[in-house]
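Geometric and topological summary
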Amino acid sequence: MFDHLTNPVLIETRAAMRRYIEEELRPLEAELGLGSEDPWPREVLQGVWRRSSELGLYASCLPTQLGGKGLNIAEQCALKADLAASGCSLAPHVLGDLGGPPRVGNMLKYATPEQIARYFGPVIRGERSTCFAMTEPHSGSDAMSISTTAVADGDELVIDGTKHYISGAPFADFAIVMCVTTPGSAGTPPSISAVLVDLDLPGVTVSTEYTPMSGQHIDADIRFEQVRVPRANILGGEGNGFKLGMSRINVNRLLHCPTMLGLAMSVYRSSLDYARTRRQFGGPIARFQAIQHMLADMAATLWACESMIAQTAALADTGADLRMRAAACKLFVSERCFEVADKAVQIHGNVGVTRGHPVEQAFRKLRMFRIFTGTSEIQRNTIARAILDTGEEAPAARARDAAAS
Ligand SMILES: Cc1cc2nc3c(=O)[nH]c(=O)nc-3n(C[C@H](O)[C@H](O)[C@H](O)COP(=O)(O)OP(=O)(O)OC[C@H]3O[C@@H](n4cnc5c(N)ncnc54)[C@H](O)[C@@H]3O)c2cc1C
């Protein structure tokens, strides 16, 4: 996947990540007997963040002056696809997707020197972990309807509210919490700010009472009751929280795509092997045209997904407005990769529906991508708005027009 990318730094980083997975993480998983559906002890995760950081993997998405490798978005896609395709249980921790630099993403550039020293520097070094908390029990797709408040009291803010289904919260040290700092009134939306909140403060409760269908123990609710933080903990200026969240979301939508692609690629490879080795009616099932057609559809779909991700990432690296393309990419890749997983289950027969088999696990993981970072319906709304309101066209139409002129 993404073999067209030839930056020597990327090639070296891909090799280093492969070695890390094979020589350190797989043996660690085997030694501890833990898989992706087990709760991992915090100290083990911390060890993975630190080691990934030492190897230059954890912050590879950041510019070199911030301790990263300066990989562009296309190159990050290549790394993420490799990682997901590895099937390694600790994969979400290697590049910091859950609580490391990618979780902060674009928002890092709004941090003050004090916020970098106290919060984001330790995240980059793999010493502390963070999470991004927007969703609430009564506020999902309609993110502007959040009701968590941060009320000013002198030099402090007092926070009250509950955040729901927050990735990385079970092991995060602090959260980037979206709070209403000035309530809306008729015709005026509320003013929303992003506030950095340590999760060991009095009044904070992190509870993990549910498990998503992936079986992973990586999401939790965070409750804030009269939690006091300095006003200086507002990230990017008061009232700019929603803008900050949105500035992060387009790239985030795109960066979920290589993870889905990697997962789908792993079940496709498993299906190829299985079709060649599983024998029924006197020979391998790969000789049945029905199986061949499923494999052909999977191969064609994966190529389409990889091409779309590569093109969207290349566009992102030019700094172009990504809103419509990132939504289209996330919509297409999440729905098509889930179809690939569905075919993989079919090819594997009873093996594919057996709890804990890698194909069955990937099927459940891939289903979830159609919900978070904006549901498929929200992506369609974004695309439709771009097409109808701003007249933005599909990339193919633009290329055709450019060629014709
Ligand atoms: C595994 C997982 C991890 C998550 N991690 C985080 C996290 O780290 N931080 C965070 O803040 N949140 C997180 N979330 C929350 C996630 O962003 C929300 O689940 C998502 O935005 C959808 O909100 P909802 O689940 O409340 O669904 P709802 O918004 O209630 O939607 C329910 C249904 O109605 C549809 N719908 C809603 N509005 C419209 C509309 N305008 N047009 C058409 N259809 C519509 C939806 O598409 C969906 O089908 C996570 C969720 C999951 C499952």
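Keep in mind that this is a model prediction, so the values were computed, not measured. (Residues numbered from 1 in each chain as written. Predicted model: local features only at pLDDT ≥ 70, side-chain atom pairs only at ≥ 80, totals over all residues. Heavy atoms only, no water.)

Right, let's talk about the site of the ligand for a bit. In the vicinity of the ligand lie 19 residues, with Phe-132, Thr-135, Ser-141, Thr-375 and Glu-377 positioned nearest. Phe-132 has a polar backbone atom sitting 2.8 Å from a nitrogen atom of the ligand. A distance of 2.6 Å separates an oxygen atom of the ligand from a polar atom in the side chain of Glu-377. For the ligand, whose unbound accessible area comes to 970 Å², protein coverage reaches 63%. Secondary-structure elements contributing two or more residues to the shell around the ligand are strand S1 (130-133), strand S3 (156-167) and helix H11 (376-388). In this structure, the shell around the ligand is formed jointly by two domains, domain 2 (130-239) and domain 3 (243-404), each of which donates at least three residues. (Near = heavy atom within 4 Å. Polar contact = N/O pair within 3.5 Å; in protein donor to acceptor, adjacent residues only side chain to side chain. Areas by Shrake-Rupley, 256 points an atom, 1.4 Å probe, with all protein chains shown as cover. Helix = DSSP H or I, 4+ residues; strand = E, 2+ residues; numbered from the N terminus. Domains from an automatic or database assignment.)

Take empty space enclosed by the protein next. This structure, assessed with the given rule, holds one cavity of 30 Å³ or more. Of the voids in this model, the largest cavity is the one considered here, and its volume is about 30 Å³. If you go around the largest cavity, the residues you meet are Trp-49, Tyr-58, Pro-92, His-93, Gly-96, Leu-98, Gly-99, Gly-100, Ser-129 and Phe-171. (1 Å grid on protein atoms, 1.4 Å probe; cavity = no way out; pocket = protein on both sides within 12 Å on 5 of 7 lines; lining within 4 Å. Points joined across faces, edges and corners; volume = space filled by probe spheres on them.)

Before going further, it helps to examine helix H1 (residues 8-32). Here H1 spans 35 Å end to end across 25 residues, near enough to the 36 Å set by a 1.5 Å rise per residue. Residue Ile-21 marks the point of greatest curvature in H1, where the axis turns by about 35 degrees. By the burial criterion, the buried members of H1 are Leu-10, Thr-13, Arg-14, Ala-16, Met-17, Tyr-20, Ile-21, Leu-25 and Glu-29. Among the structural elements, helix H2 (42-54), helix H3 (73-85) and helix H4 (91-94) are those in contact with the buried residues of H1. By the N-cap criterion, in which a side-chain oxygen at the helix start approaches the backbone nitrogen of a residue two or three places on, H1 is capped by Asn-7, the distance to Val-9 being 2.9 Å. Among the residues trailing H1, Gly-33 stands out with phi positive, at a value near 65 degrees. (Expected span 1.5 Å × (residues − 1). Bend = angle between axes of the 7 residues up to and from the residue. Buried < 20%, exposed > 50% of the residue type's maximum accessible area, 1.4 Å probe, protein only. Contact = heavy atoms within 4.5 Å.)

Another aspect to go through is the domain arrangement of the protein chain. Bring the parts together and some accessible area is lost; that lost area is often taken as the interface size. Taken domain by domain, the protein chain consists of domain 1 (8-124), domain 2 (130-239) and domain 3 (243-404). Taking only C-alpha atoms, the centre of domain 1 and the centre of domain 3 are 23 Å apart. With 17 residues of domain 1 in contact, the opposing surface of domain 3 contributes 20 residues. Across the domain 1/domain 3 interface, buried area totals approximately 1,600 Å², and carbon plus sulfur atoms make up 60% of it. Connecting domain 1 to domain 3 are one salt bridge. Counting every contact that joins domain 1 to domain 3 gives six residue pairs in polar contact (both at pLDDT 80 or more). Within the residue set of the side of domain 1 that touches domain 3, elements represented by two or more residues are H3 and helix H5 (101-104). At eight residues, H3 tops the list of elements feeding residues into the side of domain 1 that touches domain 3. Classifying every residue of the side of domain 1 that touches domain 3 gives 10 nonpolar, four polar and three charged. (Buried area = accessible area lost by both parts, 1.4 Å probe. Salt bridge = Lys/Arg side-chain N within 4 Å of Asp/Glu carboxyl O. Nonpolar A, V, L, I, M, F, W, Y, C, P; charged D, E, K, R; others polar.)

Time to look at the pattern of salt bridges. Across all of its chains, the model carries 21 salt bridges by this definition. One salt bridge connects Asp-82 with Arg-14, and the closest N-O pair in it is separated by 2.7 Å. Here Asp-82, found in helix H3, pairs with Arg-14, found in helix H1; they are 68 residues apart in sequence, far enough to count as distant. Judged on exposure class, the residue Asp-82 and its partner Arg-14 are both buried. Put simply, Lys-80 and Asp-97 hold a salt bridge, and the shortest N to O gap is 3.2 Å.

On to the side chain of Lys-163, then. Residue position: Lys-163 is located in strand S3. Here the side chain of Lys-163 touches Met-134 through a polar contact of 2.9 Å, landing on its backbone oxygen. A polar contact is formed between the side chain of Lys-163 and the backbone oxygen of Met-178, at a distance of 2.8 Å.

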